[in-house]
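The primary structure of each chain is shown beneath.
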Amino acid sequence: MAPMTDTEAAILQLAREAPELGQVAVAERLRSEGLRISPSGVRYLWQKHGLETAVKRLHALEEGRGAEALTEAQRRLLERGLLTERLARGEQAEDGAGKEQEPTERRRLILDAAARLFSAEGYDRTSIRDIARNVGLLPGSVYHYFPSKRELFLAVHREGFEHTLERVREAAASGGDPWECLRRACEAHVEGIVGGTSVDRLAGSNLATAQNDELLNEIRPHRAAYETVFKTLIDALPLRAGTDRSLLRLFLLGGMNWVYLWYREGKRSPREIADAMVDMLRSGVQP
C-alpha cells in the first residue's frame, strides 16, 4: 500500500475533528493551511476510506472514541442520518408515531440536508437532485414539500433566522449591563454557528452565496431583523464619542460569522471565542 500523503492524513484528521464538514468546506480549510486539493479530491479520499457521508464519519468517530466523543449537535446529526436511512428503506420512525409523523420528519430531513449542502457547496452548485440523494428520496418527493430550489432555500433561511433570533434575544435579555448583554448575545451567535443544527449554521454564518439579486433581496429582510438585535445592543454601549457604531456592528458580526471556517473543537469553546472577541472590542489590544 502506498504511504499516506500529508493531504490524505489531514483529510482523515478533519474527518475525526469535524465530521459534519462537507467536501468544499474541507478543501477550503486545507487550502488555508497550505494544502491544495479539490472538493472532488476530498470526496475521492473519503470514499477510499469509507467515509463519504457525514453519517459514516460520525460512526467512525463514535467507534474510535466512544459515544461520549460526539457533541450534542453531532449526536443529533447522526440520529437524523439514521432516520434518513430508515425512511429511504421505507421503514417508519422508531417513535411509534407512524405515518402521521412521516411528512413532518421528511420535511425536517430535507431542510437539514439542504442547509448542509447550501453551506458546503453554495446555492448555485446545489441541485434538488443533490438534496434528494442526500436524504435518500427521489427528487419528486422533495418537490412535494418545496415547489422549487428557491423556495427551499428561503424556507431554510426563514426557519434558521427565526430560531437563531429567538435564541440570541433570550441570551441578550439575560445580561445585566450593556456589555454583558452583548457578550451573551455573541456567545449564542457563535455557539449556533459551530454547534447548532445545519439550518442554524447556515442562517448564523451569513453564507448566502447565490449570485442572484432577487434571491438575496428576499433573504435580506430576515437578515435585517437579526442584525437589528445587534444594532440595538451596540447602540446601548457606552462608547467613545465619534465611534462609528454601524461599522463596529459589521466588524463584530463579520468576525463571528467566519468562525465556522477555522473553528477547532477541543481548543477554545464557542463561548470563549465570543468572550475574547467582545473583550478585544471593549478593551482593545494595544498595551
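Definitions and cut-offs
- Residues numbered from 1 in each chain as written.
- Predicted model: local features only at pLDDT ≥ 70, side-chain atom pairs only at ≥ 80, totals over all residues.
- Heavy atoms only, no water.
- Axes fitted to C-alpha atoms, helices over the stretch in contact; angles between N-to-C directions.
- Helix = DSSP H or I, 4+ residues; strand = E, 2+ residues; numbered from the N terminus.
- Parallel < 35°, antiparallel > 145°, perpendicular 65-115°, else oblique.
- Left-handed = near helix turned anticlockwise from the far one by under 90°.
- Contact = heavy atoms within 4.5 Å.
- Nonpolar A, V, L, I, M, F, W, Y, C, P; charged D, E, K, R; others polar.
- 1 Å grid on protein atoms, 1.4 Å probe; cavity = no way out; pocket = protein on both sides within 12 Å on 5 of 7 lines; lining within 4 Å.
- Points joined across faces, edges and corners; volume = space filled by probe spheres on them.
- Core = buried A, V, L, I, M, F, W, Y, C linked by side-chain atoms within 4.5 Å.
- Buried < 20%, exposed > 50% of the residue type's maximum accessible area, 1.4 Å probe, protein only.
- Domains from an automatic or database assignment.
- Phe/Tyr/Trp six-rings, centres within 6.5 Å; stacked < 30°, edge-to-face > 60°.
- Lys NZ or Arg CZ within 6 Å of the ring centre and 35° of its normal.
- Polar contact = N/O pair within 3.5 Å; in protein donor to acceptor, adjacent residues only side chain to side chain.
- pLDDT = per-residue confidence, 0-100.
- Arc of directions from axis to C-beta.
- UniProt positions renumbered as here; feature names shortened; annotations may be inferred.

A.B. asks: Report on the packing of helix α1 (residues 6-17) against helix α2 (residues 23-32), specifying residues and quantitative values.
C.D. replies: Put simply, α1 and α2 touch, their axes get as near as 11 Å, and they point 125° apart. Taken together, α1 and α2 sit at an angle that is classed as oblique. In this structure, the crossing between α1 and α2 has a hand that is right-handed. For the pair formed by α1 and α2, the contact residues are T7, A10, I11 and L14 on the first element and V26, R29 and L30 on the second. In terms of residue class, the contact of α1 with α2 is built from 5 nonpolar, 1 polar and 1 charged.

A.B. asks: Lay out the layout of surface pockets in plain terms, naming residues and giving numbers.
C.D. replies: Approximately 200 Å³ is the volume attributed to the second largest pocket. For the lining of the second largest pocket, the class distribution of residues is 5 nonpolar, 1 polar and 2 charged.

A.B. asks: So what's going on with the nonpolar core? Residues and values would help.
C.D. replies: L152, L182 and F230 are the most contacted members of the largest nonpolar core, which has 57 residues in total. Top element by residues in this core is helix α9 (residues 149-173). It accounts for 10 residues. Among the domains, domain 2 (103-149) and domain 3 (154-284) are the pair contributing at least three residues each to this core. Residues within four places of F230 in sequence aside, it is in contact with V168, L182, A185, C186, H189, R249, L253 and M256. Counting 16 residues, the second largest nonpolar core, distinct from the first, contains L21, V26, A27 and L45.

A.B. asks: Can you tell me about the packing of aromatic side chains, naming the residues and giving the values?
C.D. replies: Scanning all chains against the criterion turns up 5 aromatic pairs. In textbook terms, an aromatic cluster arises when at least three aromatic residues are bridged by ring pairs, as seen for F118, Y123 and F153. The ring of W46 carries the charged tip of R57 above its face, separated from the ring centre by 3.7 Å. Over the ring of Y123 we find K149, and its NZ or CZ is 4.2 Å from the ring centre.

A.B. asks: Provide a residue-level description of the environment of E151, including the pertinent values.
C.D. replies: Inspection of the secondary structure puts E151 in helix α9. Discounting chain neighbours no more than four positions away, the residues touching E151 are F146 and R158. Side-chain polar atoms of E151 contact the side chain of R150, separated by 2.9 Å.

A.B. asks: I'd like to hear about the confidence of the model for the protein, residue by residue, with values.
C.D. replies: Counting all residues, the mean pLDDT for the protein is 80, and 84% of those residues have values of 70 or more. Here helix α5 (residues 72-88) stands out as the element of the protein with the lowest mean pLDDT, 64, in contrast to helix α15 (residues 270-283), whose mean of 92 is the highest. Taken as a whole, residues 91-101 scores under 50 in pLDDT and shows 9 contacts with residues more than four places along the chain or in a different chain.

A.B. asks: Explain the packing of α9 against helix α10 (residues 178-195) to me, using residue names and the numbers behind them.
C.D. replies: At their nearest, the axes of α9 and α10 sit 7 Å apart, and the two run at 150° to each other. In terms of their interaxial angle, α9 and α10 are classed as roughly antiparallel. Judged by the twist between their axes, the crossing of α9 over α10 is right-handed. For the pair formed by α9 and α10, the contact residues are R167, V168, A171 and A172 on the first element and C181, R184, A185, A188, H189 and G192 on the second. For the contact of α9 with α10, the residue count by class is 6 nonpolar, 2 polar and 2 charged.

A.B. asks: Please provide a residue-by-residue account of the side chain of E52, values included.
C.D. replies: The residue E52 is located in the loop between α3 (39-48) and α4 (54-65) in this model. A distance of 2.6 Å separates the side chain of E52 from the side chain of K56, its partner in a polar contact.

A.B. asks: Give a description of α3 that names residues and reports values.
C.D. replies: Of the positions making up α3, those classed as buried are G41, V42, L45 and W46. All buried residues of α3 project into a common sector of 140° when viewed along the axis, lining one side. Seen from the buried face of α3, the exposed residues on the opposite side, beyond 90 degrees, are S40 and Y44. Turning to α3, the residues buried within the fold contact α1, α2 and α4.

A.B. asks: Please set out the UniProt feature "DNA-binding region" (unreviewed entry) in the protein residue by residue, giving values where relevant.
C.D. replies: The positions that UniProt labels "DNA-binding region" (unreviewed entry) are, in the present scheme, residues 127-146. Helix and strand shares over residues 127-146 are 75% and 0% respectively, and the end C-alpha atoms of the span are 13 Å apart.

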